[in-house]
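Residue-level listing of the chains:
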Amino acid sequence: MLRKEQNDYLTQTDPGTPMGDLFRCYWMPALLSEELPEADCPPVRLKLMGERLVAFRDSEGKLGLIDEFCAHRGVSLWFGRNEECGLRCPYHGWKFDVNGQCMDVPSEPAESGYAKKVKLKSYPLIEKGGVLWTYMGPPEKQPPEPEYEFCTVPLNQTFMSKRLQETNWLQAMEGGIDSSHVSFLHRGDLSTDPLFKGAAGNKYNMQDLSPVFEVIESEGGLLIGARRNAEDDQYYWRITPWVMPCYTGVPPRGDHPMHGHFWVPIDDHSCWAWSYDYHPTRALTDHEVDSMKAGKGIHVRYVPGTYRPLANKDNDYLMDREAQKAGRTFSGVEGIGMQDASLQESMGPICDRSKENLVSTDNGIIMARHRLMRSAKALVEKGVIPPGVDPEHHKVRQAALLLKRDVQYKDGAKEALKAKQGVRQTSV
Amino acid sequence: MQSESARVTTAQESRFRVQYPNSRQRAVKVIALDPPSAEMIDELAKKEWKGATFFRALSFASDAEPGKTDAGLSAWLNDLAGRALDLVSEVASSDFIVVVSAAGEDARSVSVIADACTAHHKTLLAIVVPGEGASDADVSASMGHLRPYARMLVIAHDADYITAMLTALRA
Ligand code: FES
Ligand SMILES: [Fe+2]
């Protein structure tokens, strides 16, 4: 349960809000590289944390992320002409470079220097691991580049997709922390999904529906261990890392690629669910990539030409009661990503947490909220840099492993939880 | 035509969620397993709670033997005023039990509490608070003691967390 003012505090990320300030301490995924595929390609408009922006790649391939609206009379620069190292507004021809600097005001003599006095707000945009990342905070506090393992392995070992989710970011992210829903909502997919099935560990999930949890604070966020009984005096552990503010990893299965998410606020009523899949030591196979593109695993199929899921609220998520009755899906919705999204959207755009009844197994969620609130407060009141900004905090891995019952996972899985170049994931 | 899901998931529709208390007050009993935790709990108890009550396990305060279940169960807890209370009936009248342990301290008394929880089908949630001087090995040792008995085990570096958690659980 959260009081209304606490819920508002955590869910609002517009400029000037405490959580908005917190998010603006980090590099955040803004676009897929494929959205700006080449120099002078069409610009893309986007909204992040309540700010409307336009992104483009100029004639030299430089990336820009600037205020969407022309400084002259407010036309959207999405209509702009991306040419000769700048984005030109089609209304009266004003032109802006990747830093938002006005380069040309055709109605004024160039010698007047008027253009120099006009500048649109801009944010840095960098490319890493097939993702274009932005940092929207104060320039003097810009942290080093992100070091999440999925964006540092060679490109043929990693795959990223994103989907629009029509809810606040927090209820989406809480789904990523809450691994106790997997044995219910996703149970049908463990044995059928090409990116999940066949792992030796899956049997423990199915045999033991009420795992026991251990929540540990890590430097960058949390580790949430779920343990189930296994043979020979061992436990089967699935360990989910959360890195502040909105990165979650899903514990791996067998030699399948490892996956997880970023939950990035668009505005208070919608967010981008970013979904990565990567393998630390080998290229993804064609079959894996084809499955990901086909919406398997944690990915989705799209409404053509968009990043909106094909199964969405407008078609009741293609609800299939037959499949639900027959147990092929638990909720009647197909695909792991949409199973989560459909339920989270049903909570309403901003979940009313004053009515929820949490139980002890929800401690991961309770702790994450607590750390977010505490960190935002320390940032706003004392300027304390929050956990997860330091790229060292990004070098954490999810893990699935068997440990002797008397071994602590924070000790027994210590190495397994570290991202290490050229070392295979720890997974059963 | 607009689908039903699209119509009912708007912000305006959230207004029509039926407003009423959808759960009754839960009784949460919070038990300190060692002297440093007891100090923390004394502080916590000063706040306003709806369904939380606070106790100390007697094992560290008296001659009761940790882990020994045959004797003294009828007086195995102290409330904060120092009155001896009967562990089994306190557990029986709870909805769930929270035990708090400071890392490195003796947490073995948890087994007696856990036996009572098992007998009455109550969930036991354990929190380890590492405290200033606690080493990694201390935390591991505490976790090792608590693990067999807890459905949920939390390491919380900041004592505020217990307040946050109890509030979140409507205690
Ligand atoms: S059972 Fe968890 S939301 Fe309904
Ligand atoms: Fe899920």
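Reading the values: the criteria
Residues numbered from 1 in each chain as written. Chains lettered and ligands numbered in written order. Predicted model: local features only at pLDDT ≥ 70, side-chain atom pairs only at ≥ 80, totals over all residues. Heavy atoms only, no water. Helix = DSSP H or I, 4+ residues; strand = E, 2+ residues; numbered from the N terminus. Buried < 20%, exposed > 50% of the residue type's maximum accessible area, 1.4 Å probe, protein only. Contact = heavy atoms within 4.5 Å. Areas by Shrake-Rupley, 256 points an atom, 1.4 Å probe, with all protein chains shown as cover. Patch = residues over 30% accessible without salt bridge, like charges linked within 9 Å, V, L, I, M, F, W, Y side chains within 5 Å. Salt bridge = Lys/Arg side-chain N within 4 Å of Asp/Glu carboxyl O. 1 Å grid on protein atoms, 1.4 Å probe; cavity = no way out; pocket = protein on both sides within 12 Å on 5 of 7 lines; lining within 4 Å. Points joined across faces, edges and corners; volume = space filled by probe spheres on them. Pairing = 2+ DSSP bridges. Right-handed = clockwise from strand over helix to strand, strands pointing away. Phe/Tyr/Trp six-rings, centres within 6.5 Å; stacked < 30°, edge-to-face > 60°.

Enquirer: How would you summarise the overall build of chain B if you had to cite specific residues and measurements?
Expert: Looking only at helices and strands, one finds 7 helices and 7 strands in chain B. When the helices and strands of chain B are listed from N to C terminus, the series reads α-α-β-α-β-β-β-α-β-α-β-α-β-α. Along the first, second and third principal axes, the C-alpha set of chain B runs to 75 × 35 × 30 Å. Classification of the 171 residues of chain B by burial places 46% in the buried group. Sequence separation of at least 24 residues holds for 75% of the intrachain contacts in chain B that already meet a minimum separation of 6. As displayed, chain B has an accessible area near 8200 Å², and 49% of this comes from carbon and sulfur atoms.

Enquirer: How would you explain the side chain of Lys29 of chain B if you had to name every residue and give the values?
Expert: Residue and element names in this part refer to chain B. Assignment of secondary structure puts Lys29 in strand β1 (residues 28–32). According to the relative accessible area criterion, Lys29 is buried, its value standing at 9%. Other than its neighbours up to four places away in sequence, Lys29 contacts Thr53, Phe55, Glu90, Ser93, Ser94, Phe96, Ile97 and Val98.

Enquirer: Kindly report on a nonpolar patch on the surface, identifying the contributing residues and their values.
Expert: Residues and elements named next belong to chain A. Taken together, Phe184, Leu209 and Phe330 make up a surface patch of nonpolar side chains, about 250 Å² in accessible area. Relative to the helices and strands, Leu209 resides in the loop between α6 (202–207) and β13 (212–217). For Leu209, a relative accessible area of 35% gives the class partly exposed.

Enquirer: Outline empty space enclosed by the protein, listing residues and values.
Expert: Residues and elements named next belong to chain A. Under the defined criterion, the tally for this structure stands at 4 cavities of 30 Å³ or more. Here the largest cavity defines a volume of roughly 340 Å³. Secondary structure elements with two or more residues in the lining of the largest cavity: α3 (169–177), β14 (221–230), β15 (234–243), β16 (247–250), β17 (258–267) and α9 (336–346).

Enquirer: Which residues make up the pairing of strand β6 (residues 123–129) of chain B, and what are the values?
Expert: Residue and element names in this part refer to chain B. Most of β6 sits inside the fold, with 6 of its 7 residues counted as buried. Of the strand pairs in this sheet, strand β5 (residues 96–102) and β6 are connected by 7 bridges, and their pairing is parallel. Bridged to Ile97 within β6 is Leu124. Following the chain from β5 across helix α5 (residues 110–119) to the adjacent parallel β6, one finds a crossover that is right-handed. Alignment of β6 against strand β7 (residues 152–155), held across 4 bridges, turns out to be parallel. By the bridge assignment, Ile127 is partnered in β7 with Val154. For the handedness criterion, the β-α-β arrangement of β6, helix α6 (residues 136–146) and β7 is classed as right-handed.

Enquirer: So, the packing of aromatic side chains: which residues are in play, and what are the values?
Expert: Residues and elements named next belong to chain A. Tallying each qualifying case throughout the model produces 21 aromatic pairs over all chains. Plain terms: the ring middles of Trp78 and Phe79 are 5.0 Å apart, the flat faces sit at 75 degrees to each other, and that makes the pair edge-to-face. With relative accessibility at 52%, the residue Phe79 sits in the exposed group. Where Tyr302 meets Tyr307, the ring centres are 5.4 Å apart and the plane angle is 80 degrees; that geometry is what we call edge-to-face.

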